[in-house]
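For reference, the chains in residue letters:
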Amino acid sequence: MIYLTEYPSPVGKLTIASNGKSITGLWIEGQKYFADTLTETPVMKNDLQIFFKAKSWLNGYFSGERPSPYELPLSPYGSEFRKTVWQYLCEIPYGETTTYGAISKKIASKQGRPSVSAQAVGGAIGHNPISIIIPCHRVIGAKGNLTGYAGGIDKKLMLLQIEGINTDSFFYNKK
């Protein structure tokens, strides 16, 4: 069974999903790929212990604390490659950003491969089913371009600023 609850946040309403034991999804309202990893019809249930823990984590995050993604049991659904990318996202420290290319180089090195496509890494990041907690918003383009964020570039900027990152030198296409 998959359960859902909602959480009002500074970046908009968040929907949190759980299998009852771990967090399986967290999406910003209107997010691209919203709930696309749900394999069954979810049930609204606000009183799960895991939801209390997730909401406490989010309260801390939005009030300026720096909770670790590892404080919560996370079970994102995806391929092994995507899970590998999401694991690297959890290792990006608060107050720092990295690039798609840097993550692809780390994965290639760890796997003993000459390269891993930065575009494939970008695809995995774009399909991150546990936004904010798995911090895909900390990944930017090689030259400071705020490319792609399923929740919207404005939300990405807000999350980076909440974390104390100076975003003045970042840019994005305002189409």
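Here we summarise the structure given alongside this text. Here the structure is a predicted model, which means the values were calculated and not measured.

Things to note about the layout of surface pockets
Part 1 of the argument: The volume enclosed by the largest pocket comes to roughly 210 Å³.
Part 2 of the argument: Around the largest pocket sit 18 residues that line it, and Gly122, Gly126, Gly148, Tyr149 and Ala150 are the ones nearest its centre.
Part 3 of the argument: With four residues, the single largest contributor to the lining of the largest pocket is helix H4 (residues 118-126).
Part 4 of the argument: In terms of residue class, the lining of the largest pocket is made up of six nonpolar, 10 polar and two charged.
Part 5 of the argument: Within this model, the second largest pocket holds a volume of roughly 170 Å³.

Here's the deal with the packing of aromatic side chains
Part 1 of the argument: Tallying each qualifying case throughout the model produces four aromatic pairs.
Part 2 of the argument: Relative to phenylalanine 62, the ring of tyrosine 7 lies with its centre 6.3 Å away and its plane at 15 degrees, an arrangement referred to as stacked. Residue tyrosine 7 is located in strand E1 (residues 3-9), and its partner phenylalanine 62 is located in helix H1 (residues 49-62); the two are separated by 55 residues in the primary sequence.
Part 3 of the argument: Relative accessible area serves as the criterion here: at 8%, tyrosine 7 is assigned to the buried category.
Part 4 of the argument: Ring plane angle 85 degrees and centroid distance 5.1 Å describe the contact between tyrosine 61 and phenylalanine 62, whose orientation is recorded as edge-to-face. As far as the burial class goes, tyrosine 61 and phenylalanine 62 line up, both buried.
Part 5 of the argument: In this structure an aromatic cluster arises from ring pairing among Tyr7, Trp57, Tyr61, Phe62 and Tyr94.
Part 6 of the argument: Above the plane of the ring of tyrosine 94 lies arginine 138, whose end atom (NZ or CZ) is 4.2 Å from the centre.

With respect to H1
Part 1 of the argument: When the terminal C-alpha atoms of H1 are compared, their 20 Å separation across 14 residues agrees well with the 20 Å that a helix rising 1.5 Å per residue should span.
Part 2 of the argument: If you check which residues of H1 are buried, you get Ile50, Phe51, Ala54, Lys55, Trp57, Leu58, Gly60, Tyr61 and Phe62.
Part 3 of the argument: Here the buried face of H1 lies against E1, strand E2 (12-18), strand E3 (23-28) and helix H5 (153-162).
Part 4 of the argument: Looking at the residues trailing H1, positive phi occurs at glycine 64, about 100 degrees.

Brief notes about the side chain of lysine 55
Part 1 of the argument: Mapped onto the fold, lysine 55 is located in helix H1.
Part 2 of the argument: At 8.5 Å, glutamate 6 is the nearest oppositely charged side chain to lysine 55, a buried residue that forms no salt bridge.
Part 3 of the argument: Non-local contacts of lysine 55, meaning those with residues more than four positions away in its chain, are made with Thr5, Glu6, Tyr7 and Ile16.

Comments concerning the packing of helix H3 (residues 100-111) against H4
What describes two packed helices is the angle between their axes and the distance between those same axes.
Part 1 of the argument: As a packed pair, H3 and H4 sit with axes 8 Å apart at the nearest point and diverge in direction by 105 degrees. On the basis of the axis angle, H3 is roughly perpendicular to H4. Here Tyr100, Gly101, Ile103, Ser104 and Ile107 of H3 lie close against H4, whose contacting residues are Ala118, Val121, Gly122 and Ile125.

Topic: the pairing of E2
Part 1 of the argument: With five of its seven residues buried, E2 lies for the most part within the structure.
Part 2 of the argument: Where E1 meets E2, seven bridges bridge the pair, whose relative direction is antiparallel. Looking at E2, one finds that leucine 4 is bridged to alanine 17.
Part 3 of the argument: Summarising the sheet, E2 and E3 pair through five bridges and their orientation is antiparallel. Paired with alanine 17 across the two strands is glycine 25, which belongs to E3.

Cut-offs applied
Residues numbered from 1 in each chain as written. Predicted model: local features only at pLDDT ≥ 70, side-chain atom pairs only at ≥ 80, totals over all residues. Heavy atoms only, no water. 1 Å grid on protein atoms, 1.4 Å probe; cavity = no way out; pocket = protein on both sides within 12 Å on 5 of 7 lines; lining within 4 Å. Points joined across faces, edges and corners; volume = space filled by probe spheres on them. Helix = DSSP H or I, 4+ residues; strand = E, 2+ residues; numbered from the N terminus. Nonpolar A, V, L, I, M, F, W, Y, C, P; charged D, E, K, R; others polar. Phe/Tyr/Trp six-rings, centres within 6.5 Å; stacked < 30°, edge-to-face > 60°. Buried < 20%, exposed > 50% of the residue type's maximum accessible area, 1.4 Å probe, protein only. Lys NZ or Arg CZ within 6 Å of the ring centre and 35° of its normal. Expected span 1.5 Å × (residues − 1). Contact = heavy atoms within 4.5 Å. Lys, Arg positive; Asp, Glu negative; His and termini not counted. Salt bridge = Lys/Arg side-chain N within 4 Å of Asp/Glu carboxyl O. Axes fitted to C-alpha atoms, helices over the stretch in contact; angles between N-to-C directions. Parallel < 35°, antiparallel > 145°, perpendicular 65-115°, else oblique. Pairing = 2+ DSSP bridges.

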